[in-house]
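What the coordinates show
Now for the letters of each chain:
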Amino acid sequence: LYAVDQLVEVRGTGEGFFGSWYGARILESREARGALRLRVCYLAFQEDDGSVLEDWVDHAHVRPMPPVRDGAASLLAGLKKGAPLEIFIEEGWWEVEYVGRDGDNYLAAARRYQVEHSVPLEQLRPAWKWVEQERDWAVHERLPPPLSKGEAKAAAKGGGSGSGGGGGKKKR
């Protein structure tokens, strides 16, 4: 499913990054004790000197790049208050709920962080979920539950902090 140089998205599992997905490129993969681990470099996290953030992540926190939506009409069709969406903020895609219109913009709430954003339609996309058994995409009908404290600790301990929430390192 995953190959070196493939572009993917990595789930943020570090504190302050829950509910986010960041673009990354696979640099290497290793299987150990039945678990597939991927070394990735994040596309969004580059320093002025050109260094990039690299991290080892569990494949369970990685998904292929989602499909590009086919226009505003498909996203807005049947969109109701509380519908799950993803919003492009701080160079990553974050899980939010649709709140309503704000003039020409759209209001989306990140309940986990108790914040609302007013953004143009171009910064929204469906709340994609990768169905690994089918190797296909579906759209969430409601936001997925947050990682449990145990899952978050295990993810941070084993790498896969996602987007610099700990466990990553800079490489040149």
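Structural notes, computed from the coordinates. (Residues numbered from 1 in each chain as written. Predicted model: local features only at pLDDT ≥ 70, side-chain atom pairs only at ≥ 80, totals over all residues. Heavy atoms only, no water.)

**Brief notes about the packing of aromatic side chains**
Note the threshold: Note on aromatic pairs: the rings of Phe, Tyr and Trp (six-membered ring only in Trp) are paired at centre separations within 6.5 Å, and the planes decide the class, stacked below 30 degrees, edge-to-face beyond 60, tilted for the rest. Helix numbers and strand numbers start at the N terminus; a helix is a DSSP run of H or I with at least 4 residues, a strand a run of E with at least 2. Accessible area is worked out with a 1.4 Å probe on protein chains only. A residue is then buried under 20% of its type maximum, exposed over 50%, and partly exposed in between.
One pass over the structure, following the stated rule, counts 9 aromatic pairs. Ring centres of Tyr 22 and Phe 45 lie 5.1 Å apart, and the angle between their planes is 45°; on these two criteria the pair is classed as tilted. Taken together, the positions of Tyr 22 in strand E2 (residues 20–32) and Phe 45 in strand E3 (residues 35–46) put the pair 23 residues apart, joining distant regions of the chain. The exposure class of Tyr 22 is buried, given its relative accessible area of 1%. An aromatic cluster of at least three residues, connected via ring pairs, comprises Phe 17, Tyr 22, Tyr 42, Phe 45, Trp 94 and Tyr 113.

**Quick notes on the layout of surface pockets**
We apply this condition: Space inside and on the surface of the protein is sampled on a 1 Å grid over the protein atoms alone, with a cavity defined as a set of points where a 1.4 Å probe fits but cannot get out and a pocket as an open set with protein on both sides within 12 Å along at least 5 of 7 lines; lining residues have an atom within 4 Å of a point. Grid points are joined across faces, edges and corners, and a volume is the space filled by probe spheres set on the points. Only Asp, Glu, Lys and Arg are considered charged, only Ala, Val, Leu, Ile, Met, Phe, Trp, Tyr, Cys and Pro nonpolar, and every remaining residue, Gly among them, polar.
Approximately 260 Å³ is the volume found for the largest pocket. Lining the largest pocket are 16 residues, and of these Arg 11, Trp 21, Ala 60, Lys 129 and Trp 130 sit closest to its centre. Looking at the lining of the largest pocket, the elements with two or more residues in it are strand E5 (62–64) and strand E11 (128–131). Counting residues per element, the lining of the largest pocket draws most heavily on E11, at 3 residues. The residue inventory of the lining of the largest pocket, partitioned by class, reads 8 nonpolar, 2 polar and 6 charged. Roughly 200 Å³ of volume is contained in the second largest pocket. Ser 74, Leu 75, Gly 78, Leu 79, Ala 83, Pro 84, Leu 85, Pro 126, Trp 128, Val 139, His 140 and Glu 141 are the residues that line the second largest pocket. For the lining of the second largest pocket, the secondary-structure elements that each account for two or more residues are helix H1 (72–76) and strand E6 (84–89). A per-class count over the lining of the second largest pocket returns 8 nonpolar, 3 polar and 1 charged.

**Section: the nonpolar core**
Most often, soluble globular proteins keep nonpolar side chains buried together rather than apart. This is how it is decided: Grouping buried Ala, Val, Leu, Ile, Met, Phe, Trp, Tyr and Cys residues that are joined through side-chain atoms within 4.5 Å yields what is termed a nonpolar core. Whether two residues are in contact is decided by their heavy atoms, any of which lying within 4.5 Å being enough.
The biggest cluster of nonpolar side chains holds 31 residues, and the ones touching the most others in it are Val 10, Val 40, Tyr 42, Ile 87 and Leu 124. Elements that contribute at least two residues to this core include exactly strand E1 (7–11), E2, E3, strand E4 (52–58), E6, strand E7 (92–102), strand E8 (105–110) and E11. The greatest single-element share of this core, amounting to 4 residues, is contributed by E3. What Leu 124 contacts, discounting residues up to four positions off in sequence, is Arg 69, Leu 75, Leu 85, Glu 86, Ile 87, Trp 93, Tyr 106, Ala 108 and Val 119.

**A word on the pattern of salt bridges**
Which entries qualify depends on this criterion: By definition, a salt bridge exists where a carboxyl oxygen of Asp or Glu is found within 4 Å of a side-chain nitrogen of Lys or Arg.
The final tally for this structure, using the stated rule, is 9 salt bridges. The salt bridge partner of Glu 95 is Arg 112, with a shortest N-O separation of 3.8 Å. Residue Glu 95 is located in strand E7, and its partner Arg 112 is located in the loop between E8 and strand E9 (115–119); the two are separated by 17 residues in the primary sequence. The closest approach of N and O atoms between Arg 111 and Glu 97, which form a salt bridge, is 3.2 Å. Of the two residues, Arg 111 sits in the loop between E8 and E9 while Glu 97 sits in strand E7, which places them 14 residues apart along the sequence. Accessibility expressed as a relative area gives 47% for Arg 111, which makes it partly exposed. Sharing partners across several salt bridges, the network here consists of Glu 9, Arg 63, Glu 86 and Arg 125.

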